[in-house]
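Descriptive structure summary
Here is what each chain is made of, one letter per residue.
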Amino acid sequence: MASPSDSMVTLTTPLNAVHRRLNARMVDFAGWDMPVQYPTGILSEHRAVRTGCGLFDLSHMGRVYLRGKDALALAQECCTRDLSTIRAGEAAYSVLCNPEGGILDDVIAYVLGEGEILFVFNASNRVSDVAWFAEQRDCVGLAVDLVDRTLETVLIGVQGPEAQAVVQKLCTAELDGLPGYAFTRADVAGAPALVSRTGYTGEDGFEVMVDADAAADVWTNLMDGTCPCGLGARDTLRTEAGFALYGHDIDRTTNPYEARLGWVVSLVKSHFVGREALSRIKSAGPARRLVGLRVDAGSVPRQGFPIVDGAAPVGAVTSGTFSPTLRQNIAMGYVPVDRSAPGTRLGIEMRARPAGAEVVSLPFVPHRSRPRAKM
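What this report covers is the structure whose coordinates are included nearby. None of these values were measured; they are calculated from a predicted model. (Residues numbered from 1 in each chain as written. Predicted model: local features only at pLDDT ≥ 70, side-chain atom pairs only at ≥ 80, totals over all residues. Heavy atoms only, no water.)

Attention shifts here to the packing of helix α3 (residues 42-51) against helix α8 (residues 231-240). Look at α3 against α8: their axes get within 8 Å of each other, and the N-to-C directions meet at 50°. Classified by the angle between their axes, α3 and α8 sit oblique to one another. You can see that α3 and α8 cross each other, and the crossing is right-handed. Every residue of α8 that contacts α3 at Ile 42, Glu 45, His 46, Val 49 and Arg 50 is listed here: Gly 232, Ala 233, Thr 236, Leu 237 and Glu 240. Residues of the contact of α3 with α8, tallied by class, amount to four nonpolar, three polar and three charged. (Axes fitted to C-alpha atoms, helices over the stretch in contact; angles between N-to-C directions. Helix = DSSP H or I, 4+ residues; strand = E, 2+ residues; numbered from the N terminus. Parallel < 35°, antiparallel > 145°, perpendicular 65-115°, else oblique. Left-handed = near helix turned anticlockwise from the far one by under 90°. Contact = heavy atoms within 4.5 Å. Nonpolar A, V, L, I, M, F, W, Y, C, P; charged D, E, K, R; others polar.)

The next subject is the pattern of salt bridges. Tallying each qualifying case throughout the model produces 21 salt bridges. When the shortest N-O distance is used, the salt bridge between Glu 152 and Arg 149 registers 3.0 Å. The partner of Arg 149 in a salt bridge is Asp 211, and the shortest N-O contact between them spans 3.5 Å. Here Arg 149, found in the loop between β9 (145-148) and β10 (153-159), pairs with Asp 211, found in strand β13 (residues 205-211); they are 62 residues apart in sequence, far enough to count as distant. The exposure class assigned to Arg 149 is partly exposed, which follows from its relative accessible area of 21%. In the salt-bridge network here, residues are joined through shared partners; they are Arg 50, Glu 203, Glu 240 and Arg 368. (Salt bridge = Lys/Arg side-chain N within 4 Å of Asp/Glu carboxyl O. Buried < 20%, exposed > 50% of the residue type's maximum accessible area, 1.4 Å probe, protein only.)

Here we come to the packing of aromatic side chains. Two aromatic rings are characterised by how far apart their centres lie and by the angle between their planes. Within the structure shown, the criterion is met by seven aromatic pairs. Taking the centre distance of 5.6 Å and the plane angle of 65° together, the rings of Tyr 110 and Phe 183 count as edge-to-face. Of the two residues, Tyr 110 sits in strand β7 (residues 103-113) while Phe 183 sits in strand β11 (residues 183-188), which places them 73 residues apart along the sequence. The two residues Tyr 110 and Phe 183 agree in class, both being buried. On the basis of an interplanar angle of 25° and a centroid distance of 5.9 Å, the ring pair of Phe 119 and Phe 121 is categorised as stacked. (Phe/Tyr/Trp six-rings, centres within 6.5 Å; stacked < 30°, edge-to-face > 60°.)

A word on the environment of Val 208. Mapped onto the elements, Val 208 comes out in strand β13. Of the residues examined, Val 208 reaches a relative accessible area of 0% and is grouped as buried. Between the alpha carbons of Val 208 and Ser 369 there is a distance of 16 Å; along the sequence they are 161 residues apart. Setting aside anything within four residues of it in sequence, one finds Val 208 in contact with Val 154, Leu 155, Ile 156, Val 188, Ala 193, Leu 194 and Val 195.

Once that is clear, we can look at the sheet that holds strand β2 (residues 25-29). Hydrogen bonds between backbone groups are what pair the strands of a sheet, and the pairing can be parallel or antiparallel. Here we have three strands laid out as an open sheet, ordered β1-β3-β2, and mixed in their pairing. With one partner strand each, in any of the chains shown, β1 (11-12) and β2 form the two edges of the open sheet. Relative to strand β3 (residues 32-37), β2 is paired through five bridges, and the arrangement is antiparallel. From the neighbouring strand, Met 26 faces β3, where its bridge partner is Pro 35. Each of β2 and β3 touches α8; the most contacted strand, β3, lies at about 70° to it. (Pairing = 2+ DSSP bridges.)

The next subject is the side chain of Thr 236. Mapped onto the fold, Thr 236 is located in helix α8. In terms of polar contacts, Thr 236 uses its side chain to reach the side chain of His 46, at 2.8 Å. In this structure the side chain of Thr 236 is engaged in a polar contact, spanning 3.0 Å, whose partner is the backbone oxygen of Ala 233. In contact with Thr 236, other than residues within four places in its own chain, are Ile 42, His 46, Thr 321, Phe 322 and Pro 324. (Polar contact = N/O pair within 3.5 Å; in protein donor to acceptor, adjacent residues only side chain to side chain.)

Taken by themselves, the reported measurements are silent on function.
Listed below in structure tokens is the structure:
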């Protein structure tokens with residue numbers, strides 16, 4: 001399948017017409033025509049997720065199935081995490097690394113059963129991820145089919161403290177006992193769905209995947225009691241939660257240990273792509289670390305703004321925003337390990353005028369997502 005950049009055709013989700021009827025402001029994002037905000041505005045959408053419930057179209061994210069007797073073996077070869085410990089009906093966050101330990105993507109793997117795993121990729125990496133999985137499959141000689149169902153399905157995020165109540169009234173499965181990073185198959189608003197207790201906002205919530213022809217009806221039913229939210233609120237929410245965004249906080253030039261993602265690297269596995277490099281990095285210790293920064297009053301910090309210690313540059317902002325919850329500017333960025341302790345005073349150069357900043361522990365806003373099931 002050709003990538004959007006190859007074909008120069010902007011892709012649309014099955015909910016595109018719905019967003020336009022809701023007067024969303026649409027932007028090109030990773031080759032997709034996506035809503036960045038609705039008339040209520042980003043601040044209102046953000047607060048809805050923190051206090052009630054927000055509804056997101058996540059259908060630009062890649063949804064690719066590994067099917068066949070060697071599905072788990074391929075997943076193990078490509079992922080840093082040990083997926084053999086994840087039971088059917090559970091999902092796991094992981095990263096894909098190149099042989100040098102650089103991050104190719106961060107992903108969620110859903111173990112559907114023996115011989116079937118669903119991967120959710122970042123939109124900008126879907127085509128390259130599929131090609132990379134196929135390359136590893138063919139190199140090792142594994143029996144796995146890669147089935148890309150991104151364009152045939154929709155993924156709807158329902159996030160916030162009222163998310164369970166919103167989904168439950170439309171869902172045939174009992175959701176109260178569903179732990180974090182677990183999923184079930186059920187009907188939602190009459191449509192067969194995969195319902196997972198996952199999200200990237202720091203709040204409790206669900207992600208509902210249904211076939212494209214059911215998209216508008218399911219979305220409309222979920223709108224009752226929720227606020228439609230765009231990419232703008234999704235970014236402020238994930239930044240407050242301290243979650244890395246591919247292309248900003250993580251990419252091929254970063255490794256899991258400096259990105260505070262060492263917890264998804266399972267060196268106990270005998271082999272996976274990047275294992276040797278990551279083992280060396282862990283032994284030596286990272287030279288820099290991704291940190292959170294609370295920024296003094298002034299302009300909003302943006303990606304690429306220099307982080308300074310006095311007059312000396314020590315890093316750069318990878319993500320920055322105004323936090324609606326904290327009512328303060330916040331940022332993330334990489335700094336040397338000896339300047340990464342909470343309480344360290346640094347600065348950010350913003351349009352040739354520095355603003356003071358203090359290193360703080362992540363997340364900026366405590367998570368309220370449902371805990372995982374105990375093994």
